[in-house]
Amino acid sequence: MALSTADLPTLYTLLTNALSPDENLRKPAEATLSACESRPGFCSCLLIIAAKDLETQNNTRWLASVYFKNSINRYWRQRRDSLGISSSEKPYLRKKLLELIREENLQIAVQMAVLVSKIARFDYPKEWPELFSILVQQLQSADILTTHRVYMVLHRTLKELSTKRLTADQRNFAEITSQLFDYAWHHWRSDVQTILQEFSATVQSSIGTVFSVERQQTLQLTCERWLLCLKTLQRMIVSGFQSDAKNIQEVPPVKEVCPSLLQAVQSLLQYRSVFHEGHNFHPFIVKACLKLMKVLIAIQNAHPYSFSSQYVLPPILEFCYKKITDPEVYVVSFDRFLIQCMILFKSVLECKEYKSSNTGRVVGDTVITLEQAKNNIAREAEDVLKLLMVSERVVLLCNVLIRRYFIFTSTDLEEWDEDPEGFHHEQDMIQWIEKLRPCAEALYLTLFENYRQILAPVVVDILKEAMGNCPAAEVDITPRMLLKEAAYGAVGVSHYELSNYLSFKAWFEGALLPELHNTHSNGHIIHRRVALILGQWVSEIKGEIRKPVYCALLGLLQDKDLAVKLASCRSLCSLMEDVQFYEEDFVEYVPACLDMCFETMQNVQEFDSKVQILNLISVIIDRLGEKILPCADKLMQFFPQVWDESSGESLLRIQVILAVQNFVVALGRQSPMAYNMLLPILQFSTDINSPDELNLLEDGVLLWEATLNHAPSMVPQLLDLFPNLIAIMEKSFEHLPVAMKIIECYILLGGVNFLHLHSAGVAKVLDAVVGNVNDKGMLSTLPVIEILVQCFPGDAPPLLGGILQKLIIVFIGGGDESNPSKAAIRASAGAILARLLVQNSSYFAHLTTQSSVSTLLQHAGMKVDQNILLCLVDAWLDKVDNVTIIPRKAYALALCILLTLREPQILEKLDQIISVCTSILMCDIDLNGSEESSYEGLHSIENNEDVVSSAAEETKEFRKRQVKSSDPIKNMSLAHVLKENLQACASLHGDAAFNAAMSRLHPTVLGQLQEFLKT
């Protein structure tokens, strides 16, 4: 039922109660309002309340506008399950919203602007073509509040529409830009003059204020309108014109607007020294200067060619250069502004549109292609940059970046001193555009990449100067020490560019190593930087220098400062993950390194610190492999301790699981020594009822697989764990590939004992999977079914009866043979059925005569007019050329056995069957060689307890080799089986019929057959 004006008092009461702190009033009101959202008339009533047509309080009006906004998101578009907002109601809402633009309450005005933008996204231009013409009319009002609110609406609406990427939408946006740009540009220029005049009047006043309260409020509103207008202009210039990088067409507003923006920022920036912090207009000055720079950056990114004009790029780049290299007093402390200058400078230096290519033009060709036109503009931009960035200015900028912006401030040192651990991670996590020093480093790297030959000698000279002025024995935190740290940092981050100009070995032995001998507490500043350098220059650390570097980092790992410890921890990781790492060089340091890691783990508090240490331990285990064995006892004490301490911290426990997995792999066949530590972790991480199941399960099953892969034998604890896998698979098939590998491992290790304990669970899982997963899932599952049939030909088939029936349907049903996955599934299903026939013929006969098979065929839409066995013969003959050696032989053996069928149609296929068998026999392949079976998972034997192997080979891989060599299919004589079954076939069908069928053989095939039957 629709709501009407009669419901306004009730709706107003509900909104009021929804704001109540009393839950007894608030929750029922929220529930009722939620129920009303989809009713026609609800939004109209809300708009009346929000419009102050009734005597209402502002907070209730605001809540009404919020509910209106939420309803727009949910119900403005027509929905089948709700009446929502009717087509007759929408015109009223659109008209009413535009009438309410001059809203005095700022919070409600923002909501109204958002409402207009949301509806405009849906309805403009088809349903609301008059929107922008009405807004333009209101822009001509002399009332400042009205125009302020219009620009608020324009800003929100243009922002919303600019995100629509269809060609038609972008064309509409271009039309909006042409309609609005002149009005906005006129307002912006007018407002900036007004603002500067008013600010000038304030400065010239001897008493510091000439404003009445009303005049201050008017100026404040003008400033806010100016900012909104600036945002609107940015949106129109950036999104209202196609990027000139695509079509190289000049964007006229760029040349017109950017110089004015630069002039505005130059003028406003000066007032930062006048309007100090605490002044009414100080926040506006800060916000305006930053926004102006951001707009210039956005325009340069969107329209680089138009920005490269001699009227735009040179003055703006010169402005940024001066502010970076020689800032005024009022700019020195304005870090956020300096960051914007650096971002713009960096953007210009790395802009690919300003880099020309060396491709020339064909002689006599007068047609200029698009790429050639781009190249011509790029050369012009390069010429501009060459004039601005002469070598002297490049060197000066590099010096300033290192000597001024790379230097640690007193605030930095205080933060480091108060929280070394937090300081270390802040340097890693902070984005370069957020803080001045990282931004300076990013600009330095871009500068270095563009002017390597000029700057490499300069940076090396700065390094030598800094080392010469501050000896390694320096103990006071002086400007000389901080400069040396900055120089070290510059050399560290530009290691790729400097490797040809600086010998790392000489630098390490002559300077870095002596730095570490300074044991004074202030030495941590240089020590941390040295630790980082050793990780950054890893590509140059090779040969005989490796061991001294390891020793240096281990020494730093013992430093009292956590920032130094963590920096050395990271660098050790980098060195060990490097391609030039050799475990023989590091193995002697492993015990000490692990002890230091364990100790550091006890001292850190931050999650990121613990992860970093665990990562180093995991890398050590991974790279050392079995050489980690002497430290196994220490690790087996460490992992349970960290696991218990990280209770409730799933992400940290994931790191423990990953490290334990590497540990199990490293131990290999000796992994049972870690079971007391390992199995509780495994049990918890694979329990779907665990509170951390969502985070730990994926890594838990991988640890489970690794444990089984390297287990020399099955133990009761591992058998008891298997129900966890059944529960995991019953919940979802997300971990299907790993789960199938785990089942495969259990079959290998557990043998008959495992099958007797968990046969029902295995059959349940496989039955749920087959036919209910995609092709990839089927290809993961079929090897497990085959291994069961191969290893337990007597016990497994009855358990898998329903699954085998499904495979019959898959095999004889055909399918999309053009799809490689489906063809592989069909061939694999055929191999399993062939193996079953060869290894357990009686059960195969029972399986194919069950009525349920015919029922399944009918449900699958297949009409079978002949014996199912004959259908299988046809399918095997069809797919025999699509499989590898072992399955192909299984196909041939199955076909030989079916020669004994009493069906006369078998004689019609005799020539094809014999042709298949002779082709396999003619290959003369030694199946005991290196040929692989049809699956990676063809392995195991029926009684693995009987396998005799050395202790060193008691692994999954060894058992796979054993089962391959003992495969009945592989060891059967195809010639002997063929001979026996041909004789049986002749006796069943009579010599006349048999000889008639044999006469159809090609003479060559007949000759080959006779040759094989003699042997």
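The numbers attached to residues start from 1 for each chain and follow its sequence in the written order. Confidence filtering applies because this is a predicted model: local features only for residues at pLDDT of at least 70, side-chain atom pairs given and counted only at 80 or more, and all residues used for totals across whole chains, interfaces and linings. Hydrogens and water are ignored here; the side-chain numbers use all heavy atoms of the structure.

(A) Just the overall build of the protein, in detail. Only DSSP runs of H or I covering at least 4 residues are called helices, and only runs of E covering at least 2 are called strands; the numbering of each starts at the N terminus. Of regular secondary structure, the protein possesses 53 helices and 0 strands. Taken over the C-alpha trace, the protein has a radius of gyration of 39 Å; the compact-globule value for 1015 residues is 31 Å, which it surpasses by more than 25%. Each principal axis of the C-alpha distribution contributes one length, and for the protein these read about 125 × 85 × 85 Å. Counting across all 1015 residues of the protein, residues that qualify as buried make up 55%. Contacts are residue-level and defined by heavy atoms, with any inter-residue pair within 4.5 Å sufficient. Partitioning the intrachain contacts of the protein with sequence separation of at least 6 by distance along the chain shows that 76% fall at a separation of at least 24. Put simply, the protein shows about 44900 Å² of open surface, and 50% of that area lies on carbon and sulfur atoms. Under the convention used here, Asp and Glu are negative, Lys and Arg are positive, and both His and the chain ends fall outside the count. A charged residue contributes its charge at one atom only: NZ of Lys, CZ of Arg, CG of Asp or CD of Glu. With 92 positive and 118 negative side-chain charges, the protein shows a spacing of 6 Å between the two charge centroids. Computation of the radius of gyration draws on C-alpha atoms, with the globule rule given as 2.2 Å multiplied by the number of residues to the power 0.38. Note on exposure labels: buried denotes an accessible area under 20% of the residue type's maximum, exposed denotes more than 50%, and partly exposed covers the range between, all computed with a 1.4 Å probe on protein chains only. Note on areas: Shrake-Rupley with a 1.4 Å probe; residue coverage comes only from the protein chains shown.

(B) Quick peek at a negative patch on the surface. Taken together, the side chains of Glu414, Glu415, Asp417, Glu418, Asp419, Glu606 and Asp608 make up a negatively charged region of the molecular surface. Counting residues per element, the negative patch draws most heavily on helix H20 (residues 410–418), at 4 residues. Relative to the helices and strands, glutamate 414 resides in helix H20. A residue is classified by how much of its surface remains accessible, and glutamate 414, at 48% relative accessible area, is partly exposed. Any residue with relative accessible area above 30% and no salt bridge may belong to a patch, with like charges joined within 9 Å and the nonpolar Val, Leu, Ile, Met, Phe, Trp and Tyr side chains within 5 Å. Should a side-chain nitrogen of Lys or Arg be within 4 Å of a carboxyl oxygen of Asp or Glu, the pair is scored as a salt bridge.

(C) Here's a closer look at the side chain of serine 243. Locating serine 243 in the fold gives a position in the loop between helix H10 (213–239) and helix H11 (244–247). Identification of polar contacts relies on pairs of N or O atoms within 3.5 Å, with a donor-acceptor requirement for protein atoms, meaning one able to donate a hydrogen and the other able to accept it, and with residues adjacent in sequence counted only if both atoms are side-chain atoms. One polar contact links the side chain of serine 243 to the main-chain carbonyl oxygen of alanine 302, over a distance of 2.7 Å. Setting aside residues up to four positions removed in sequence, serine 243 forms contacts with Ala302 and His303.

(D) Representation of the packing of helix H34 (residues 650–667) against helix H36 (residues 693–709) in the model. To obtain an axis, a line is fitted to C-alpha atoms, over the contacting stretch when the element is a helix, and the angle between two such axes runs from 0 to 180 degrees between their N-to-C directions. Interaxial distance between H34 and H36 falls to 9 Å at its minimum, and their mutual angle equals 10°. Compared by their axis directions, H34 and H36 come out roughly parallel. Facing Ser650, Arg653, Ile654, Ile657, Leu658, Val660, Gln661, Val664 and Val665 of H34, the residues of H36 in contact are Asn695, Leu696, Asp699, Gly700, Leu702, Leu703, Ala706 and Thr707. Residue composition of the contact of H34 with H36, by class: 10 nonpolar, 5 polar and 2 charged. Between 65 and 115 degrees an angle is taken as roughly perpendicular, under 35 as roughly parallel, over 145 as roughly antiparallel, and anywhere else as oblique. In this count, Pro and Cys sit with the nonpolar residues alongside Ala, Val, Leu, Ile, Met, Phe, Trp and Tyr, while Asp, Glu, Lys and Arg are called charged and the others, Gly among them, polar.

(E) Fine view of the confidence of the model for the protein. pLDDT measures the predictor's confidence residue by residue and takes values from 0 up to 100. Looking at the protein, the pLDDT average stands at 88 and 93% of residues meet or exceed 70. Looking over the protein, one finds the lowest element-wise mean pLDDT in helix H49 (residues 956–965), namely 76, and the highest in helix H19 (residues 391–405), namely 96. Taken as a whole, residues 925–953 scores under 50 in pLDDT and shows 74 contacts with residues more than four places along the chain or in a different chain.

(F) Molecular detail of the pattern of salt bridges. One pass over the full model with this rule turns up 39 salt bridges. Put simply, arginine 74 and glutamate 37 hold a salt bridge, and the shortest N to O gap is 2.9 Å. Of the two residues, arginine 74 is situated in helix H4 (residues 58–75) and glutamate 37 in the loop between helix H2 (23–36) and helix H3 (42–50); the sequence distance between them amounts to 37 residues. The partner of glutamate 515 in a salt bridge is lysine 484, with the nearest N and O atoms 2.7 Å apart. Taken together, the residues span a long stretch of sequence, with glutamate 515 in helix H26 (residues 504–515) and lysine 484 in helix H24 (residues 479–493) at a distance of 31 residues. Taken together, the shared-partner salt bridges connect Glu23, Arg26, Lys27 and Glu30 into one network.

(G) Geometry of helix H5 (residues 89–99). All buried positions along H5 are accounted for by Glu89, Lys90, Leu93, Arg94, Lys96, Leu97 and Leu98. In this structure, the buried residues of H5 make contact with H3, H4, helix H6 (106–123) and helix H7 (131–139).

(H) Representation of the packing of aromatic side chains within the structure. We call Phe, Tyr and Trp rings a pair once their centres come within 6.5 Å, taking the six-membered ring for Trp, and we label the pair stacked below 30 degrees between planes, edge-to-face above 60, and tilted otherwise. Across all of its chains, the model carries 40 aromatic pairs by this definition. Taking 5.7 Å as the distance between ring centres and 55° as the angle between the ring planes, the aromatic pair formed by phenylalanine 638 and phenylalanine 639 counts as tilted. By the burial criterion, phenylalanine 638 is buried, and phenylalanine 639 matches it. Definition used: whenever NZ (Lys) or CZ (Arg) falls within 6 Å of the ring centre and also within 35 degrees of the ring normal, the charge is taken to sit over that ring. The side chain of arginine 272 reaches across the aromatic face of phenylalanine 334, ending 4.2 Å from its centre. The ring of tyrosine 321 is capped by arginine 393, whose NZ or CZ atom sits 4.1 Å from the centre of that ring.

(I) Local environment of the environment of threonine 194. With respect to the helices, strands and loops of the structure, threonine 194 is situated in helix H9 (residues 167–204). Residue threonine 194 is classed as partly exposed on the basis of its relative accessible area of 31%.

(J) Just the side chain of threonine 147, in detail. Relative to the helices and strands, threonine 147 resides in helix H8 (residues 144–161). Discounting chain neighbours no more than four positions away, the residues touching threonine 147 are Gln138, Leu139, Ser141, His187 and Arg225.

(K) A look at unusual backbone geometry. Backbone torsion omega between tyrosine 124 and proline 125 reads 0°, so that peptide bond is classified as cis. Structurally, the position occupied by proline 125 is in the loop between H6 and H7. Unlike most non-glycine residues, isoleucine 248 shows phi in positive territory, near 50°. Within the secondary structure layout, isoleucine 248 lies in the loop between H11 and helix H12 (252–270).

(L) Helix H15 (residues 313–325), seen in detail. The span expected for a helix works out to 1.5 Å for each residue beyond the first. With 13 residues, H15 should cover 18 Å at 1.5 Å per step; its first-to-last C-alpha distance of 18 Å lies within 8% of that length. For H15, the tally of buried residues reaches 11 of 13 residues, placing the bulk of the element in the interior. Along H15, the residues that are buried comprise Leu313, Pro314, Ile316, Leu317, Glu318, Phe319, Cys320, Tyr321, Lys323, Ile324 and Thr325.

(M) Quick peek at the packing of helix H45 (residues 868–879) against helix H46 (residues 885–897). At a minimum axis separation of 10 Å, H45 and H46 run at an interaxial angle of 150°. Regarding H45 and H46, the two cross each other, and that crossing is left-handed. Listed contacts from H46 to Val873, Trp876, Leu877 and Lys879 of H45 are Tyr891, Ala894 and Leu895. Among the residues making up the contact of H45 with H46, the classes are represented as 6 nonpolar, no polar and 1 charged. Crossing handedness follows the turn of the near helix against the far one: under a right angle anticlockwise gives a left-handed crossing, and clockwise gives a right-handed one.

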